[in-house]
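Residues per chain are reported as follows:
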Amino acid sequence: MKRYFLGLAANYDAEDRRAQLFSLGRDEDRTDLAKFLERKYDGKAILTKNGRSALALALKAYFKEGDRIIVNGFTCFAVYEAVKEVGLVPVFADITRKDLNFSIETLEKVLKMSEEKPRGIIIQNTFGNPVDIEAIEKFAKENDLVIIEDLAHATGVRYPDGREVGTVGVATALSFGKEKSIDTISGGAVILRHPCLNEIEAPSKAPKLSDHLRARFYPTFGAACRALSHIHLGGVLMKILIKIHWVERSADNKLDCERKISKFEARLALRQIKSLKRSGEVPLREFYLVKERDLVLKKLAEKGYYFGGFWYEKPVSPERYYKKVHFPEKECPNAVFISEHIINFPNYYTRRILEPARKIVQDYLIKEGE
Ligand SMILES: *Cc1c(COP(=O)(O)O)cnc(C)c1O
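Reading guide: rules and limits
Residues numbered from 1 in each chain as written. Predicted model: local features only at pLDDT ≥ 70, side-chain atom pairs only at ≥ 80, totals over all residues. Heavy atoms only, no water. Near = heavy atom within 4 Å. Polar contact = N/O pair within 3.5 Å; in protein donor to acceptor, adjacent residues only side chain to side chain. Areas by Shrake-Rupley, 256 points an atom, 1.4 Å probe, with all protein chains shown as cover. Helix = DSSP H or I, 4+ residues; strand = E, 2+ residues; numbered from the N terminus. Nonpolar A, V, L, I, M, F, W, Y, C, P; charged D, E, K, R; others polar. pLDDT = per-residue confidence, 0-100. Contact = heavy atoms within 4.5 Å. Phe/Tyr/Trp six-rings, centres within 6.5 Å; stacked < 30°, edge-to-face > 60°. Buried < 20%, exposed > 50% of the residue type's maximum accessible area, 1.4 Å probe, protein only. Lys NZ or Arg CZ within 6 Å of the ring centre and 35° of its normal. Arc of directions from axis to C-beta. Disulfide = S-S within 2.5 Å. Pairing = 2+ DSSP bridges. Axes fitted to C-alpha atoms, helices over the stretch in contact; angles between N-to-C directions. Patch = residues over 30% accessible without salt bridge, like charges linked within 9 Å, V, L, I, M, F, W, Y side chains within 5 Å. Salt bridge = Lys/Arg side-chain N within 4 Å of Asp/Glu carboxyl O. Parallel < 35°, antiparallel > 145°, perpendicular 65-115°, else oblique. Left-handed = near helix turned anticlockwise from the far one by under 90°.

## What about the site of the ligand?
Lining the immediate environment of the ligand, one finds 14 residues, of which Gly-51, Arg-52, Asp-150, Ser-175 and Lys-180 sit closest. A distance of 2.6 Å separates a nitrogen atom of the ligand from a polar atom in the side chain of Asp-150. Protein contacts shield 95% of the accessible area of the ligand, which totals 380 Å² for the unbound molecule. Sorting the residues of the shell around the ligand by element identifies helix 3 (51-62), strand 3 (75-76) and helix 4 (77-85) as the ones contributing at least two each. Looking at side-chain class alone, the shell around the ligand contains five nonpolar, six polar and three charged residues.

Okay, structure coming up:
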């Protein structure tokens, strides 16, 4: 078998594509998903059109405008967008090379530097690598920080102390977006686990037809582009599909707290969260820090591994939105270094398929202290 694959929607198999295209959703699917989440995470669940809207609702529920909130210094623009949507001020904390999360040391630094005292902290568990939750919870308590958990990377993962991710903070935000640990192309949910400071309204508007169709067709379009890739047409077709907005890049999915999740997405998300097929056992993305990244990517591509779309090429990604963030590069040197040297593998390829890719990477690894 030719091991030639583009990264385009390669995580959806034929069954996923069929389910995405043809699953009929009913109103009960939304209720069933919400009920399941309420039992699992012990709070009030609200379903949303994507993860960033869920995170925005979580923030809206527990903070007031102008509050500062600590954010992992290596993240997706979606998080920044949610923070700004609610009028909060993000305070980025630098990360460690070990797990790509902030540490007590970097959090302490942030508290010292911040002009005003932050009131909250978003825990991200980057790529499914859990934080040392006991230490962070203690730190949060001592400093009066309200904890929000963002589960986009880590649904089903357990913290070192055995508790499941999403059962610690006042609120838990889930994303069902592309390549997230639960993936129905779009969709999200927030579970409010404590009495809220501000009242939250559940989304009441039906999903936009265009969003609905895009979610239905994305895996099929991806498969078509992959099928055409050996005659070099796949990339061209994908570019056209993006241009005419039939395919949307993940970062461009709009934040909108008033739109509901599509019913079929609720149905598929429930199925996935019950089996946690794509998460829980393996990290969302296995990562390496390498020298000469462009060369490594080229070598990987020669062997048929297209990992160009790695996470994250900037401390807040994608690059085309990075300037808006005014990221404090001086205060987060690790995040800057890591974003220049990281490569990572999506978790939907088997260990065996990835073995040759790992071998290529080995020769270029950056050692500790380098
Ligand atoms: C992708 C992502 C989200 C939210 O994603 P949506 O695309 O809005 O569903 C939230 N947090 C992190 C860390 C993410 O990577």
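## Some details on the confidence of the model for the protein chain
Looking at the protein chain as a whole, the pLDDT averages 91, with 95% of positions reaching at least 70. This model gives residues 1-5 a pLDDT under 50, and the stretch forms 13 contacts once residues within four places in sequence are excluded.

## Considering the packing of aromatic side chains
Applying the stated criterion across every chain yields a total of 14 aromatic pairs. Both rings, one in Phe-127 and one in Tyr-312, keep their centres 6.0 Å apart while their planes meet at 50 degrees; by these two values the pair is tilted. Remark: Tyr-312 occurs in the loop between helix 10 (293-302) and strand 10 (316-317) and Phe-127 occurs in the loop between strand 5 (120-123) and helix 6 (133-142); sequence separation between them is 185 residues. Take Tyr-312: its relative accessible area is 6%, and that puts it in the buried class. By the ring-pair criterion, three or more aromatic residues cluster together here, those being Phe-74, Phe-127, Phe-287, Trp-311 and Tyr-312. The ring of Tyr-218 carries Lys-178 above its face, with NZ or CZ at 4.1 Å from the centroid. The aromatic ring of Phe-264 is capped on one face by Arg-216, whose charged end is 3.8 Å from the ring centroid.

## A word on helix 5 (residues 104-113)
The complete set of buried residues in helix 5 reads Thr-106, Leu-107 and Val-110. Viewed along the axis of helix 5, the buried residues span an arc of 100 degrees, placing them on a single side of the element. Residues of helix 5 that are exposed and angled more than 90 degrees away from the buried face: Glu-105 and Lys-112. Contact partners of the buried residues in helix 5: strand 2 (68-72), strand 4 (89-93), strand 5 and helix 6.

## Quick notes on the state of the cysteines
With the rule as written, the count across this model stands at zero disulfides. The thiol of Cys-76 is not disulfide-bonded; the next cysteine sulfur, from Cys-257, is found 16 Å away. Free cysteine: Cys-196, not disulfide-bonded; nearest cysteine sulfur from Cys-257 at 13 Å. On the accessibility criterion, Cys-196 (35% relative accessible area) is partly exposed.

## Quick word on the sheet that holds strand 6 (residues 146-150)
Strands sit in the order 1-8-7-6-5-2-4 across an open sheet of seven strands; the sheet is mixed. Each of the sheet's edge strands pairs with one partner strand only, and the pair in question is strand 1 (44-48) and strand 4. Recorded for the sheet is a direction-independent mean angle of 20 degrees between the axes of neighbouring strands. The strands touched by helix 2 (residues 27-41) are strand 1, strand 7 (171-175) and strand 8 (188-192); relative to strand 1, the strand with the most contacts, the crossing angle is about 135 degrees.

## Section: a nonpolar patch on the surface
A contiguous nonpolar patch, built from Leu-233, Val-236, Ile-240, Ile-244 and Trp-246 and spanning about 470 Å² of accessible area, is present on the exposed surface. By the element assignment, Val-236 lies in helix 8 (residues 234-243). Judged by its relative accessible area of 44%, Val-236 falls in the partly exposed class.

## Description of the packing of helix 7 (residues 209-227) against helix 8
One can describe the packing of helix 7 onto helix 8 by two numbers: an axis separation of 7 Å at closest approach and a directional angle of 150 degrees. One element, helix 7, and the other, helix 8, form an angle in the roughly antiparallel class. Where helix 7 crosses over helix 8, the handedness of that crossing is right-handed. Of the residues in helix 8, those touching helix 7 at Phe-221, Gly-222 and Cys-225 are Gly-234, Leu-237, Met-238 and Leu-241. Of the residues assigned to the contact of helix 7 with helix 8, the class counts are five nonpolar, two polar and no charged.

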